[in-house]
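Observations on chain architecture
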Amino acid sequence: MTTAIHLFDAVSRNNRWLSVRQSTIASNIANANTPGYRALDVEPFEKVLEATRLTLQATQPGHMTDGATKVTAVDVRKSEPWETTHSGNSVSLEQELINAGEVNRAYRLNTGIAKAFHRMLLASAKA
Amino acid sequence: MHDPLSSALRIGASGLEAQSKRLRVVTENLANAQSTGKTPGADPYTRKVVTFENELDETIGANVVKVGGIERHRSPYRVEHNPGHPAADQNGFVKLPNVDIVSEVADMHEANRAYEANLQAIKQAREMIAMTIDMLRTGS
Amino acid sequence: MIDPISASFRSIAVGSGSDAGVAPLRAASPAASTGTPVDFGSFLAQMAADTAQTLKAGEATALAGINGQASAQQVVQAVMTTEQSLQSAIAIRDKVVSAFLELSRMSI
């Protein structure tokens, strides 16, 4: 039953992705009044997972390593931005704060899950 | 690569600094909205504006914001006919600052809102760091 | 993670099933006192299977929650259920092991 290991690995990957997303949101909020600044976002988590899976297969099939999940902030605005001022700035503070709330919620859930399963693992291994 | 959550704190701090500089300039404008010159024909207080710049901080690999500079706004001064005023020129016109109180107050609210948003972002990044370290704590 | 518990259960179940010394156990088991004959070994095996099932379901739900496919409510519920069943399984395992040790210490 290596599902437990997969669980901790999944938590760590997702948290890393969430951290990069949080710093991107922080950049957007800080640059809310910078002329010409376009709001950034990270690629969806599924895409990041796919990319990592491909690089893993490329090296050695069956070799279990974490091919350093690379998450970068890219200019992907899936939908129309809520506003674009005449100065070319496309940051919407409300949208950024909503995203930040979502990031926080997911991060809290992840760490909660990791803690619970860590507890269970320790309890089951105790003599 | 540097820890993204620590970068978020640094970025948020730069946002706070920029917005509070902006707020300082706005309050200066408001305080001097009626400040004329002292001698006949002299220029009054000139409205100041801040310019923001996006800067890629290489050490943390993130976009911070910086105040590019505090400049004088180049819109024309308001003119009022007030012959008895010390700053009145030979035609009796006094130059008043090019400060529009309504737009300055609106700017102040905007700066406040942006400041709060930056504060919120910093708070959340700090909470996320605390949650991570909290995983080590024994018990629930 | 569930291997140590399942393995210990299964070994005890197999051991008690094939051992002649299971007869006093059968007599002493609570099920026998209520009148329904229940093989203690198969009871343990059933318990191990149930616990394994709950653990697997819990891990699957947690994984779904991490990938954003399950709601927080579902995840928390699943994890709590998993923890509860694990806790009782561990308690039973410890009791069984200590009982077995006591049995082995009995003078022949």
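Residues numbered from 1 in each chain as written. Chains lettered and ligands numbered in written order. Predicted model: local features only at pLDDT ≥ 70, side-chain atom pairs only at ≥ 80, totals over all residues.

Moving on to the overall build of chain B. From N to C terminus, chain B includes two helices and four strands. Secondary structure elements of chain B, listed N to C terminal, follow the sequence α-β-β-β-β-α. In terms of C-alpha radius of gyration, chain B reaches 22 Å, well past the compact-globule figure of 14 Å for 140 residues. Counting over 140 residues, chain B shows a buried share of 29%. (Helix = DSSP H or I, 4+ residues; strand = E, 2+ residues; numbered from the N terminus. Rg over C-alpha atoms; globule rule 2.2 N^0.38 Å. Buried ≥ 20, exposed ≤ 12 C-beta atoms within 10 Å, placed from the backbone.)

This brings us to the interface of chain B and chain A. Counting residues at the interface gives 29 residues for chain B and 23 residues for chain A. Elements represented by at least two residues in the side of chain B that touches chain A include exactly α1 (4-31), β1 (48-57), β2 (62-72) and α2 (101-134) of chain B. The element contributing the most residues to the side of chain B that touches chain A is α2(B), with 13 residues. (Contact = placed C-beta atoms within 7 Å.)

The next subject is the environment of B:L23. Residues and elements named next belong to chain B. With respect to the helices and strands, L23 occurs in helix α1. Taking the C-beta count within 10 Å as the criterion, L23 has 18 such neighbours and is therefore assigned partly exposed. On a C-alpha basis, the gap between L23 and Y115 in space is 9.3 Å, while along the polypeptide they are 92 residues apart. Apart from the residues within four sequence positions on either side, L23 is in contact with M108 and A111.

With that out of the way, let us pick up the confidence of the model for chain A. All names here are of chain A. Taken over all residues, the pLDDT of chain A has a mean of 78, while the share at 70 or more is 72%. Helix α3 (residues 93-125) holds the highest mean pLDDT among the elements of chain A, 92, whereas strand β2 (residues 73-74) holds the lowest, 52. Within the model, the stretch residues 63-68 combines pLDDT values under 50 with three contacts to residues more than four positions away or in other chains. Counting interchain partners and residues more than four positions distant, the pLDDT-below-50 stretch residues 75-79 has six contacts. (pLDDT = per-residue confidence, 0-100.)

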